[in-house]
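Examining the three-dimensional arrangement
Each chain is listed here by its residues.
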Amino acid sequence: MSARESAVTAPPVTATIMDAAASGDVLLEARGVTKRFGGLVAVRDVNLDIPKGGIVSIIGPNGAGKTTFFNVVAGIIDPSAGAVEFRGRKLIMRPRRTWIEPILWVAPSVIVVLIALALGVQNGGDEGLAITGLLALGLLITTFLLAIIRPPWYTQLLARMGILRSARPNDVVTAGIGRTFQNIRLFQNMSALENVLVGMHIHLRSNLVDHFASSRRQRREEEAAAKRARELLRLVGLREIDDELAKNLPYGDQRRLELARALASDPVLLLLDEPTAGMNPAETSAMTALIGRLRKDLGLTILLIEHDMRVVMGISDHVLVLDHGERISEGTPEEVRRDPKVIEAYLGTSAS
Amino acid sequence: MTTTTTVLSARPSFVETFQRLRLGPYLFVLGVAAIDYVVIGPNQFVNALTIGAIYALVALGYTMVYGIIELINFAHGDVFMVGAFTSMFVLTQALGQDGPIDSPGMLAVVLFINFTITMIALGILGAAIERFAYRPLRHAPRLAPLITAIGVSFILQNIIQIIYGPSPINTPQVIDPAARVEIGGVSIGVVNIFTIVTAVLLMIALQMLVSRTKIGRAMRSTASDRDAAQLMGVDINRTIAITFFIGSALAGAAGVVQGLYFGNIQFTLGFQAGLKAFTAAVLGGIGNITGAALGGFVIGFVEVTAGALGFFVWGQAAVFAVLIITLVFRPSGLLGQQLGERT
Amino acid sequence: MTAANTKLSRTPAGGPGLRGRLSDLSSRHRSIAVIVGMSLVALVLPLIVLLPPFSSFSGQTVWMDGFTIAGIYVLLALGLNVVVGLAGLLDLGYAAFFAIGAYTYALAASPFTGWDLPFWPMLLVGAVVAAIFGILLGAPTLRLRGDYLAIVTLGFGEIVPIVILNSSKYTDGPNGIGGISPPTLLDTRFPTTGNPWPFYLTMLVLIILSMIFIYRLQDSRLGRAWMAIREDELAAAANGVNTVVTKLLAFAIGASTAGLAGVFLASKLQTVTPNLFRFDVSFTVLAMVVLGGMGNVWGVAVGAFIIFMIQSVFLKQLNIFFNNVQVPILSDIDFLQYQFLLYGIALVAMMLLRPEGLFPSRRRRRELHTEEDEVFAEHGDAMGAAPE
């Protein structure tokens, strides 16, 4: 827990999460997640519970739908059906009637204009028209801003009207889920330190006025953030590379940097998409050890995607096996290893 | 869990089948066109189709170039303008025409020569622009070729202005603009029919070229992954040059038609038309050839309708309003890929 | 936390480290650098034009008026640099915000409306109005991918002059609005002819302030978020950056700078017409940003100055120049006729010679020509990963 407590910048994430009524020990609950791309069903009706503090892995051959499922959980793609609950709050669901939302933006202004016309403004002269116009414009700007900033009550209003969109990727981060990508997606032309600082973005509180004034508050915050970012870099085992551009780092270090960046948002749940892809055996075991340590030291819950079984077997508490988008097995690593369906899926696909 | 299985296990429902055919955008445009027909009447309707056909031809060039090198080729509108002037030059100087030609055989020969020369000349111009202004910048930052495109646009405009002067000049309408035929009780100008048919034939030819031939395959593979295409032995430079050639030749054809239909041309023609054509390409889903054609017709309709309803000066504004509204609802255009994020 | 005991004060040798090292002290020093640098430039320019090659074209007053207008373009380029260079959003209709700022002041302080609101607060109002329009345009469209945004902004840039042109009742249409009040300071109106210094110095202050603010934004968490979005929008979102709000801020800040420039333009020219804000203004400003070196504040400012001088002064003075030096053939050519041609050639040539701009930011320079050596992840196949 020490790292979490040393977060100097902002109140811990736990305080910002809305519903304290977390459902028992289950941190994340996916129900009936389905995703279709055109005619192809990439993920079909997958359920998954991630207990607090656990390491859950999803494995499966190439094209099993692991990454698709993962992206649904991360809020990057909307599911065709199903929902994901995080800490008892519905985070991601199938978006419904999203086209209504743009209409909602203009509806208030149109109503104002119609009411004004009904009251006979057009006969009243320029002033009435000007006031109506300003009122309509003001409402338009307000609704636009609301739609962009999305305060919680706006989201809830949309939910009540049945036109909610899924959480955006950044909402998912704010809720306490951090992630890495399968093919590393660092900010290539930013330094390692800056990459981690972007990860801390949601915890930095300086605003436009601070930016313009270059206020002391902002400077203190930035210094603290940089200190914390360096700590995170050390934590994942990166030294002496703070000012190196991300793209100049060796491959293994890029993976570590991405991990540090994901940790910077102080996540409760960490999603790792093939963290050892492209690594040699030595790097792989180092990374596996690091993941285990993160769980222990930071109290993180981890959802891992892998198709390298050796990684998974070592550290997972619970394994879900997907093939062709469907769940074919689930259980402890031992159970899964012995499941004939799993063996068939792996050998079957590789034999064909 | 139970609710989803019912949806999935059953045969694809009617709605699903319908969605898979992706006819929605076409039906939408057809529906709008039908309503429009009632609003603006048959004459303006044909007018809209004609103008739409010209925009569509220009839009094809934008969409092809964008599809293959992700460049907004700002000079393309001016290439179209140069096409109109080239056509005028061919007609007046090389063929000595100054008005309607009565004999159909003669007319066909003149038009054939005019189209051939203009399209080849413009194709070469387009390929040359690519060679000298864009190819050296292929590995430069993305905006660098955009600036040279703007520069090329200024150059083309100024050259034409120097040669032909700043005011509009007349171009021979070799198809008699007064000639009309009766189709289904509606009298339609021959030149309208000619324009629409030419445009549609060229679009079909382009579609065949892209989908059926070897060079079309090279273009598609270059568009989807340039490096991989190169590794597979596709000559990237040649493919891109051919794309520019074809796109500019189509703009040349549009220029010919523009002169035939409107009868006068001006050096500023390119920017406005180019803007609308590019809007058409985006509206249809940039990079998508059918989309560009569809978008061109939509823009034609919007513009003519605005004019017919007495809002002529707002035509341009209406075009962009339609674009913005379309993009709010379909962020990738009418036929664009609804791109999932690649991770 | 075991790994915390590290060398925090490591000083790397030059290069990337310079930025990090400076960031502690940056803002104060950078502001001073901007003030000193710009003041020097402002002092030197009026003196240079007294020297022979320049003095033969026109007097100091005319030159300084030209510099003041060039300053407006510098301001525009600085604002567009925030949108294009920092946040990576392609805005092709930037002149619209310029027009909105100019007409805001024109309506607020001219005989056309009969109002005469003071200049200084109107600078802010113009900026705010332009920013509001930026938000109105950006809100529905910023979700679009990069090049779709480009066409929407291009369209907006076309619509605004059309609207101004056709709403004669409110803008006097093509005639434009004339008789706009010049600024007043300490009960003295700025002289519109003769003494060019008041406008010149006001412009200087505006540019200095904009540069300082933009540098500060660039170094803040907002600037970092812009950079992240430019690099990889999806990754930025997946790290908690609210991409829509962040992009919208870039749009609004860019627009407000243009609004500022517009108000100044209106007060300087005392007249505005829709023709001042056509698409070629947007394109020219974009060319200034790209040629100056995207993302580099000083580079963009210098690039804007150079392009403005080429376009509006050099090409127009070629006739006088060649007449003066008496080159036989060249002095017979009417260069005014060819100015757009030459301008186009200049744009193409400069771009071909310096694709990364005249003064690329250090960061940008490094990102060039290194696309090839991307690392591709090797994926082990399912066979290797199969259970025993």
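For the structure given in this document, a descriptive report is provided here. (Residues numbered from 1 in each chain as written. Chains lettered and ligands numbered in written order. Predicted model: local features only at pLDDT ≥ 70, side-chain atom pairs only at ≥ 80, totals over all residues. Heavy atoms only, no water.)

**Observations regarding the overall build of chain B**
For clarity, the threshold we go by: Strands are runs of DSSP state E lasting at least 2 residues, helices are runs of H or I lasting at least 4, and numbering of each runs from the N terminus. Throughout this description, buried means an accessible area under 20% of the type-specific maximum (1.4 Å probe, protein chains only), exposed means over 50%, and partly exposed covers the range between. Residue contacts are counted whenever heavy atoms from the two residues lie within 4.5 Å of one another. Note on areas: these come from Shrake-Rupley sampling with a 1.4 Å probe, and a residue is covered only by the protein chains present in the view.
Each helix and strand counted, chain B has 13 helices and four strands in total. Burial statistics for chain B: of 343 residues in total, 55% are counted as buried. Considering only contacts in chain B between residues 6 or more positions apart, those separated by 24 or more positions represent 77%. Total accessible area on chain B is roughly 14900 Å²; 66% of this is exposed by carbon and sulfur atoms.

**Here's the deal with the interface of chain C and chain B**
Worth spelling out the cut-off: Here the quantity called buried area is the total loss of accessible area, with a 1.4 Å probe, experienced by two parts when brought into contact, counted for both. When a carboxyl oxygen of Asp or Glu is within 4 Å of a side-chain nitrogen of Lys or Arg, the pair counts as a salt bridge. Definition of a polar contact: a pair of N or O atoms within 3.5 Å, with one able to donate and the other able to accept a hydrogen when the atoms are protein atoms, and with sequence-neighbouring residues admitted only if both atoms are side-chain atoms. Residues are grouped as follows: Ala, Val, Leu, Ile, Met, Phe, Trp, Tyr, Cys and Pro are nonpolar; Asp, Glu, Lys and Arg are charged; every other residue, Gly included, is polar.
Between chain C and chain B, the residue contacts involve 46 residues of the former and 48 residues of the latter. Interface area for chain C against chain B, summed over the two sides, is near 4000 Å², with a carbon-plus-sulfur share of 81%. The three residues of chain C that bury the most area against chain B are D147, Y148 and I151 of chain C, which together make up 16% of that side's buried surface. Across the chain C-chain B interface, the total number found is zero salt bridges. Across the contact surface, chain C and chain B share one residue pair in polar contact (both at pLDDT 80 or more). Listed by contribution, the elements that provide at least two residues to the side of chain C that touches chain B are α6 (119-141), α7 (146-166), α13 (279-292) and α15 (339-353) of chain C. Counting residues per element, the side of chain C that touches chain B draws most heavily on α7 of chain C, at 12 residues. Here the residues of the side of chain C that touches chain B are counted per class, giving 31 nonpolar, eight polar and seven charged.

**Re the packing of aromatic side chains**
Convention followed: Put simply, two rings from Phe, Tyr or Trp (the six-membered ring, in Trp's case) pair if the centres are within 6.5 Å, and we call them stacked under 30 degrees between planes, edge-to-face over 60, tilted for the rest. In this scheme, the term charge over a ring applies when either NZ of a lysine or CZ of an arginine sits within 6 Å of the ring centre and within 35 degrees of the ring normal.
Summed over the entire model, instances satisfying the criterion amount to 29 aromatic pairs over all chains. With a centroid separation of 5.9 Å and an interplanar angle of 35°, the aromatic rings of W63 of chain C and F67 of chain C are classed as tilted. Of the two residues, W63 of chain C and F67 of chain C both sit in helix α4 (residues 60-86), four residues apart, roughly one turn of that helix. Relative to F156 of chain C, the ring of F97 of chain C has its centre 5.5 Å away and its plane inclined at 40°; by these criteria the two rings are tilted. A residue pair is termed long-range when its members are at least 10 positions apart, and F97 of chain C in helix α5 (residues 95-108) and F156 of chain C in helix α7 qualify at 59 residues. With respect to burial, F97 of chain C and F156 of chain C carry one shared label: buried. Through successive ring pairs, a cluster of aromatic residues spans Y105, F119, W120, F190, F199 and F264 of chain C. It is R179 of chain A that lies over the ring of F181 of chain A; its NZ or CZ is 4.0 Å from the centre.

**Quick word on a nonpolar patch on the surface**
Residue and element names in this part refer to chain B. Quick note on the threshold: Think of a patch as exposed residues, more than 30% relative accessible area, with no salt bridge, where like charges cluster within 9 Å and nonpolar side chains (Val, Leu, Ile, Met, Phe, Trp, Tyr) cluster within 5 Å.
Taken together, the side chains of I35, Y37, V38, V39, L309 and F311 define a hydrophobic patch exposed on the protein surface, amounting to about 620 Å² of accessible area. On the secondary structure map, V39 appears in helix α3 (residues 24-69). Taking relative accessible area as the criterion, V39 reaches 46% and is therefore assigned partly exposed.

**Section: the environment of T63 of chain B**
Residues and elements named next belong to chain B. Mapped onto the elements, T63 comes out in helix α3. A residue is classified by how much of its surface remains accessible, and T63, at 0% relative accessible area, is buried. Spatially, the C-alpha atom of T63 lies 9.8 Å from that of T290, the residues being 227 residues apart in sequence. Setting aside anything within four residues of it in sequence, one finds T63 in contact with A281, G285, I286, G287, N288, I289 and A292.

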